[in-house]
Every structure is written in C-alpha cells, then in structure tokens.
Amino acid sequence: KGANNESRGALVVFEGLDRSGKTSQCGRLLSYLEGLGHSVELWRFPDRSTSVGQMISAYLTNKSQLDDHTIHLLFSANRWDKRSLMETKLKAGTTLIVDRYSYSGVAFSSAKGLDFEWCKAPEIGLIAPDLVVYLDIPAEKAAERGGYGGERYEQLEFQRKVAQHYKLLEDSSWEIVDACQTLEVVEKQVKEIVLEHVTTCQKGKALSSLWS
Ligand code: 2DT
C-alpha cells in the first residue's frame, strides 16, 4: 500500500439556500451512516462555539456591524480554525458531514458585490470536499416553506443572488439534488450518492486542497 492508499473518512459537504433542507438531510444521513457502523460526525459552519464563531453569530443576529470584507475573512478563519482537526479525523477514518463550507462563504459574500476571486482566495489550502451535495431549490420555493428567522441574509431577493453565485462554483465534486422533492425522496438519493463516496475513500483516495 502506498502512502496515498490509506483508508480514510470522506468529507461530505452540504450546500444550498436557506430552507433547502440541509440540516434535516445532514441529520438523517448521520443516523443512516451510524446505523451502517461507520465512524461519522456532523459538523457545521459557521461553528458558532469558537471565539471567531461568536463574532460571526453576533453579526448574523444584527447585534454587531462589520465591513463586508471583515466578516468574509472571519467566516474563512472559522474554517481554518478547524482545518487540522478535520484532517486528523478524516485520516483516522471518520467521515465528516459538513453543513455549509467554503461555497457558502464565496456565494454569500460575492452576492453582496465583493469580487468573486477575492472571495475564493482565503479558502485556498483548506481541505477539498470529496463530495458536495447541492440541494437545489428556487429561492421562491424555499421562501414559501417559511421559517426564515430574523437573521441577516434571510431575504428572498438576496437568496436569489446567492443562488446565482452558487452556480458559478459548481465543479466535478458536486452532485445536484432536486430539493423540491419530498424529504424522503431527497434522503434516498442523498444516501446512495454519499455511500458511493464513503466507499471510495475507504479504499484509499488522497486528500486534496481547495481551490486547484
Ligand atoms: P446557518 O443558518 O446555516 O447557520 O448559516 N454564511 C455561512 C456565510 O455568509 N459565509 C460562510 O462562510 C458560511 C459558512 C450563510 C448562517 C448564515 O451564514 C452564511 C447563512
């Protein structure tokens, strides 16, 4: 076995607009993989538990105001804070299901008008996901589901722009799932896609980095 042939966990990222069903699907997938006997953890970004995460949370709940560039870099720093732990877990064989990642970072900030390439730059060198599950839903449909909280960004017009910027980030690691389907149908499709990638990583697949 070569160095790049070690069994490891998979990095599975969920992306999509607010109310696209990410959190529900992540929870169901976690139970499913645990049930199959896999070592698996559910993570989310922003991770509001860290000190950087608390600054982000204050911003999202409108308790603080920050320059658009500053908050962008804080979201990125929040991921860098977790990079080495992420690598350790993956190499130890744990699959990580991650609710939002760098794609949210770029889509939301560039939707505000920040330069697209500038937004990508601080993400370079983070671990590249083995799979990005994009839960695809029109902003209007997501808004109809209700439950937009009062947080910054939870507005129809802005979500429309975010969707346009997400589209620019699609690459070969992406699987687009129609999130207008019932929770159960989406769940079934997600399980099949993810299992395939978990198996590939178990057989040995080198880790790679964003954005190359
Ligand atoms: P949740 O509602 O999922 O907690 O997300 N966001 C998220 C960014 O603007 N940049 C990022 O890098 C990330 C991870 C998306 C909170 C909001 O934060 C946005 C919604």
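Structural data are supplied above this passage.
Residues numbered from 1 in each chain as written. Predicted model: local features only at pLDDT ≥ 70, side-chain atom pairs only at ≥ 80, totals over all residues. Heavy atoms only, no water.

### Considerations on the overall build of the protein chain
Then, number 1: In terms of regular secondary structure, the protein chain is built from 8 helices and 5 strands.
Then, number 2: The secondary structure elements of the protein chain, listed N-terminal to C-terminal, are β-α-β-α-α-β-α-α-β-α-α-β-α.
Then, number 3: Radius of gyration (C-alpha) of the protein chain: 17 Å, near the 17 Å computed for a compact globule of 212 residues.
Then, number 4: Summarising its shape, the C-alpha atoms of the protein chain cover approximately 50 × 35 × 30 Å along the three principal directions.
Then, number 5: The buried share of the protein chain, taken over its 212 residues, is 48%.
Then, number 6: Here the analysis covers contacts within the protein chain between residues at least 6 apart in sequence; of these, 82% occur between residues at least 24 apart. (Helix = DSSP H or I, 4+ residues; strand = E, 2+ residues; numbered from the N terminus. Rg over C-alpha atoms; globule rule 2.2 N^0.38 Å. Buried < 20%, exposed > 50% of the residue type's maximum accessible area, 1.4 Å probe, protein only. Contact = heavy atoms within 4.5 Å.)

### Quick notes on helix H1 (residues 22-35)
Then, number 1: In this model H1 runs 20 Å from its N-terminal to its C-terminal C-alpha over 14 residues, within 8% of the 20 Å that 1.5 Å per residue would give.
Then, number 2: All of the buried residues along H1 are Lys-22, Gln-25, Cys-26, Leu-29, Leu-30 and Leu-33. The buried residues of H1 all sit within an arc of 140° when viewed along its axis, so they share a single face.
Then, number 3: In this structure, the buried side of H1 is in contact with strand E1 (11-16), strand E2 (40-44), strand E3 (95-99), strand E4 (131-136) and helix H8 (183-203).
Then, number 4: The first or second residue beyond H1 is Gly-37, which carries a positive phi of 90°. (Expected span 1.5 Å × (residues − 1). Arc of directions from axis to C-beta.)

### Section: the sheet that holds E1
Then, number 1: Strand order in the open sheet made by the 5 strands is E2-E3-E1-E4-E5, with parallel pairing throughout. The outermost strands of the open sheet, each flanked by one partner alone, are E2 and strand E5 (174-178). Strand after strand, the sheet turns through a mean of 20° between neighbouring axes, direction not considered.
Then, number 2: Across 5 bridges, E4 lies against E5 in parallel orientation. The partner of Val-132 across the bridge, within E5, is Trp-174.
Then, number 3: Those strands touched by helix H4 (residues 102-111) are E1, E4 and E5, and its axis lies near 25° from that of E1. (Pairing = 2+ DSSP bridges. Axes fitted to C-alpha atoms, helices over the stretch in contact; angles between N-to-C directions.)

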